[in-house]
Protein chains: 2
Amino acid sequence: MTDPLALVNALDDAGYRLTAPRRSVAEIVAGRAGHFTAAEIAAEARARGIHVGRATVFRTLDALERVEAVERIDIPGGGHAYVACEPAHHHHVVCSRCGRSVEVEDGRLAALVRSIGRRTGYRIDEHRLELYGLCTACQAAPEGSR
Amino acid sequence: MTDPLALVNALDDAGYRLTAPRRSVAEIVAGRAGHFTAAEIAAEARARGIHVGRATVFRTLDALERVEAVERIDIPGGGHAYVACEPAHHHHVVCSRCGRSVEVEDGRLAALVRSIGRRTGYRIDEHRLELYGLCTACQAAPEGSR
DNA sequence: TGCTAGATGATACACAGTCTCAGGTGGATC
DNA sequence: GATCCACCTGAGACTGTGTATCATCTAGCA
Ligand SMILES: [Zn+2]
Ligand SMILES: [Zn+2]
Ligand SMILES: [Zn+2]
Ligand SMILES: [Zn+2]
């Protein structure tokens, strides 16, 4: 749950035009607690009776990512999802049942990455760490329930 | 560059049948230095005049992954690739120019992951760390060259 | 109130990956 | 070696994600 305005402003500040479709996508994105896929956003828009082209959803999520208001992560199994989140570099712990995600700071990982670079001789430009498991709520919930 | 026999044996040990298509895929996979995609394997088979259905390439890579002879990684930008590698849990440093990859041990990361689990309350079941950069050879090579 | 670069949606497209199903084959058994 | 069947295969259809194209529209500025 984020402030829709924060997303819209981020786009504005970066020089993107504030159009109706972008506002709609921003609002839907802001209303999401965990991660979400492009398809989910498109579906919710449709369900709410808002008409936004599929391509525009992708383009807007792209823009939001470039503005660092949203981050794209890889789902185990092969898909992709987005999470609304803070601009500083960090990583996510994603609940594999309900999708709720928490951000974790990079801190000690940065040091680890540097040391790997030193050891392997690679100049490491990019790294991605993603953690999957069960959030506290889902651990407490009975096995089969959804 | 791996021993094709190691891959074939891994399948055999796990109870998979040793068929001609599987041997072919194993051989092509074994001949690869860095990472590779399913499409690349299919293309190389075709180029060599070996007939292997596209579906079978996917199925065999799947089997090889299940047997832990190969690992599937996420490429920045959205695709997927595989790397032939050791069965123990570890991660990869992948050269974003030439694709050559090096394995790095999990070691200190495991501890970091545990501490993240403790801090967030999540029961972390799975984690993926992928590192991208330039290998020593590609750092040395002139800027635009391939 | 124009004007125009930038944005939109429809549609077509490219591509990865999965599924189905009729036919083929490894390898165990005799 | 011949038999047999569970497992495997290739062809091709299908699904889903993401991108490209292009005629049309519009935000934001003068
Ligand atoms: Zn984030
Ligand atoms: Zn959960
Ligand atoms: Zn590996
Ligand atoms: Zn390289």
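Residues numbered from 1 in each chain as written. Chains lettered and ligands numbered in written order. Predicted model: local features only at pLDDT ≥ 70, side-chain atom pairs only at ≥ 80, totals over all residues. Heavy atoms only, no water.

Q: Would you mind going over the overall build of chain A with me for this structure?
A: The helix and strand tally for chain A stands at 6 helices and 5 strands. Secondary structure elements of chain A, listed N to C terminal, follow the sequence α-α-α-α-β-β-β-β-α-β-α. For chain A, the spread of C-alpha atoms along the three principal axes comes to 55 × 45 × 25 Å. Taken over 146 residues, chain A has a buried fraction of 40%. A separation threshold of at least 6 residues defines the contact pool for chain A, and within that pool the share at least 24 residues apart is 49%. As displayed, chain A offers around 7800 Å² of accessible surface, 50% of which is attributable to carbon and sulfur atoms. (Helix = DSSP H or I, 4+ residues; strand = E, 2+ residues; numbered from the N terminus. Buried < 20%, exposed > 50% of the residue type's maximum accessible area, 1.4 Å probe, protein only. Contact = heavy atoms within 4.5 Å. Areas by Shrake-Rupley, 256 points an atom, 1.4 Å probe, with all protein chains shown as cover.)

Q: Whenever I open this one, the coordination of the zinc ion (ligand 3) confuses me. Can you help?
A: Geometry sets the ideal angles at a metal, namely 109.5 degrees for four tetrahedral donors and 90 or 180 degrees for six octahedral donors. Residues and elements named next belong to chain B. The zinc ion (ligand 3) binds to the protein through Cys-85 (SG), His-90 (NE2) and His-92 (NE2); the donor distances cover 1.9 to 2.3 Å. One chain supplies every donor to the zinc ion (ligand 3), and in sequence these donors are spaced C-x4-H-x1-H. Each member of the pair, Cys-85 as well as His-92, carries the same accessibility label: buried. (Donors = N, O, S within 2.8 Å, 3.2 Å for Na, K, Ca; no water.)

Q: How should I be thinking about the interface of chain B and chain A in this particular structure?
A: Between chain B and chain A, the residue contacts involve 38 residues of the former and 38 residues of the latter. Taking both partners together, chain B and chain A bury about 3200 Å²; carbon and sulfur atoms supply 62% of that area. Within the residue set of the side of chain B that touches chain A, elements represented by two or more residues are β1 (70–74), β3 (90–95), β4 (101–105), α5 (107–120), β5 (123–134) and α6 (136–140) of chain B. When residues of the side of chain B that touches chain A are assigned to their parent elements, the largest contribution, 12 residues, is made by β5(B). Split into classes, the residues belonging to the side of chain B that touches chain A amount to 18 nonpolar, 11 polar and 9 charged. Inspection of the sheet shows strand β5 (residues 123–134) of chain A paired to β5(B) by 11 bridges, in the antiparallel sense. Following the sheet pairing, A:Leu134 is matched in β5(B) by B:Arg123. (Buried area = accessible area lost by both parts, 1.4 Å probe. Nonpolar A, V, L, I, M, F, W, Y, C, P; charged D, E, K, R; others polar. Pairing = 2+ DSSP bridges.)

Q: Looking at this structure, I do not really get the sheet that holds strand β3 (residues 90–95) of chain A. What am I missing?
A: Adjacent strands of a sheet pair through backbone hydrogen bonds, lying either parallel or antiparallel. Reading across the sheet, the 6 strands line up as β4(A)-β3(A)-β5(A)-β5(B)-β3(B)-β4(B) and stay open at both edges, with mixed pairing between neighbours. Bordering the open sheet on either side are β4 (101–105) of chain A together with β4 of chain B, each of which pairs with just one other strand. The sheet shows a mean angle of 25° between the axes of neighbouring strands, direction not considered. Taken together, the 5 bridges between β3(A) and β4(A) define a ladder with antiparallel strand orientation. Across the sheet, residue A:Val93 finds its bridge partner in β4(A), namely A:Val102. Across the face of the sheet, helix α5 (residues 108–120) of chain A comes into contact with β3 and β5 of chain A together with β3, β4 and β5 of chain B while running at roughly 130° to β5(A). Here α5(B) sits on the sheet and contacts β3, β4 and β5 of chain A together with β3, β4 and β5 of chain B; the angle it forms with β5(B), its principal contact strand, is near 135°. (Axes fitted to C-alpha atoms, helices over the stretch in contact; angles between N-to-C directions.)

Q: Is there a simple way to think about the pattern of salt bridges in this case?
A: Side chains that differ in charge, positive against negative, can pair when their charged atoms come close. This structure, assessed with the given rule, holds 14 salt bridges over all chains. A salt bridge links A:Asp74 to A:Arg128; its shortest N-O distance comes to 2.5 Å. Of this pair, A:Asp74 sits in strand β1 (residues 70–74) while A:Arg128 sits in strand β5, and the two are 54 residues apart along the sequence. Like A:Arg128, A:Asp74 is buried. With a closest N to O distance of 2.7 Å, B:Glu44 and B:Arg32 form a salt bridge. One end of the pair, B:Glu44, is in helix α3 (residues 38–47); the other, B:Arg32, is in the loop between α2 (20–30) and α3, with 12 residues separating them in the sequence. By relative accessible area, which is 22% here, B:Glu44 ends up partly exposed. The class of B:Arg32 is partly exposed, set by a relative accessible area of 22%. (Salt bridge = Lys/Arg side-chain N within 4 Å of Asp/Glu carboxyl O.)

Q: Before we go on, may I ask you to explain the protein's contact with DNA strand D in this structure?
A: Taken together, the neighbourhood of DNA strand D is formed by 19 residues, with A:Arg54, A:His80, B:Thr19, B:Thr56 and B:Arg59 sitting nearest. When atoms of DNA strand D within 4 Å of the protein are sorted by moiety, sugar and phosphate together comprise 61%. Contact distances for DNA strand D include 3.0 Å between a phosphate oxygen and a side-chain N or O atom of B:His51. One of the backbone nitrogen or oxygen atoms of B:Gly53 is found 3.3 Å away from a phosphate oxygen of DNA strand D. Listing elements by their share of the surface near DNA strand D, those giving two or more residues are α4 (54–66) of chain A together with α2 and α4 (54–66) of chain B. Broken down by element, the residue count for the surface near DNA strand D peaks at 4 residues, all from α4(A). Looking at the surface near DNA strand D residue by residue, the class counts come to 7 nonpolar, 5 polar and 7 charged. (Near = heavy atom within 4 Å. Polar contact = N/O pair within 3.5 Å; in protein donor to acceptor, adjacent residues only side chain to side chain.)

Q: Any chance you could explain the nonpolar core here in plain terms?
A: Nonpolar side chains in soluble globular proteins tend to end up buried together. Membership of the largest hydrophobic core comes to 26 residues, with the highest contact counts inside it found for A:Leu109, A:Leu131, B:Leu109 and B:Leu131. Looking at this core, the elements with two or more residues in it are β3, α5 and β5 of chain A together with β3, α5 and β5 of chain B. Other than its neighbours up to four places away in sequence, B:Leu109 contacts A:Leu109, A:Leu112, B:His91, B:His127 and B:Leu129. (Core = buried A, V, L, I, M, F, W, Y, C linked by side-chain atoms within 4.5 Å.)

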